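A closer look at the structure
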Amino acid sequence: MDEFQRSWLLAQLGPDTDPADLERRFFRLRSARAVALEVLGERRAKLLGDPLKVTVDGVVTMDLQENLRGIERQIEAVRQASAPDDPEDEEGKALATSFMVPTRRYR
């Protein structure tokens, strides 16, 4: 994994993400997007494993549903964003040349 891929992953996953863990995942998956989706999927699964809303009458209410929606939005954003190791799309990258000629001839 190069520095550009590492910085993209840290931007997607947060600066507290362990870079050594990202290296191991990248070595196994060979794609920065796959690493980001795997980490976000694990975070989503951890949230789903616990109750999303806990209420102790008169004391505290803890609601994690917005956190789950936020992670799901982040997963969708990573799927749609261009990753640093995506193959280049050759369509639309054509080079066109033309000659520039004056409209009137000068004497």
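Residues numbered from 1 in each chain as written. Predicted model: local features only at pLDDT ≥ 70, side-chain atom pairs only at ≥ 80, totals over all residues. Heavy atoms only, no water.

Overview of the pattern of salt bridges
Under the counting rule described, the total for this entry stands at ten salt bridges. The partner of Arg28 in a salt bridge is Glu38, with the nearest N and O atoms 2.7 Å apart. With a gap of ten residues between them, Arg28 in helix α2 (residues 19–29) and Glu38 in helix α3 (residues 32–49) connect regions that are remote in the sequence. By relative accessible area, Glu38 is classed as partly exposed at 22%. (Salt bridge = Lys/Arg side-chain N within 4 Å of Asp/Glu carboxyl O. Helix = DSSP H or I, 4+ residues; strand = E, 2+ residues; numbered from the N terminus. Buried < 20%, exposed > 50% of the residue type's maximum accessible area, 1.4 Å probe, protein only.)

A word on the packing of α3 against helix α4 (residues 65–80)
Axis separation between α3 and α4 bottoms out at 10 Å; the angle between their running directions is 165 degrees. The orientation of α3 with respect to α4, classified from their angle, is roughly antiparallel. Note on packing geometry: the crossing formed by α3 with α4 is left-handed. Seen from α3, the contacting residues are Arg33, Ala36, Leu37, Leu40, Gly41, Arg43, Arg44, Leu47 and Leu48; seen from α4, they are Asn67, Leu68, Ile71, Glu72, Gln74, Ile75, Val78, Arg79 and Gln80. In terms of residue class, the contact of α3 with α4 is built from nine nonpolar, four polar and five charged. (Axes fitted to C-alpha atoms, helices over the stretch in contact; angles between N-to-C directions. Parallel < 35°, antiparallel > 145°, perpendicular 65-115°, else oblique. Left-handed = near helix turned anticlockwise from the far one by under 90°. Contact = heavy atoms within 4.5 Å. Nonpolar A, V, L, I, M, F, W, Y, C, P; charged D, E, K, R; others polar.)

In short, the description is geometric, and any link to function would need to be established separately.
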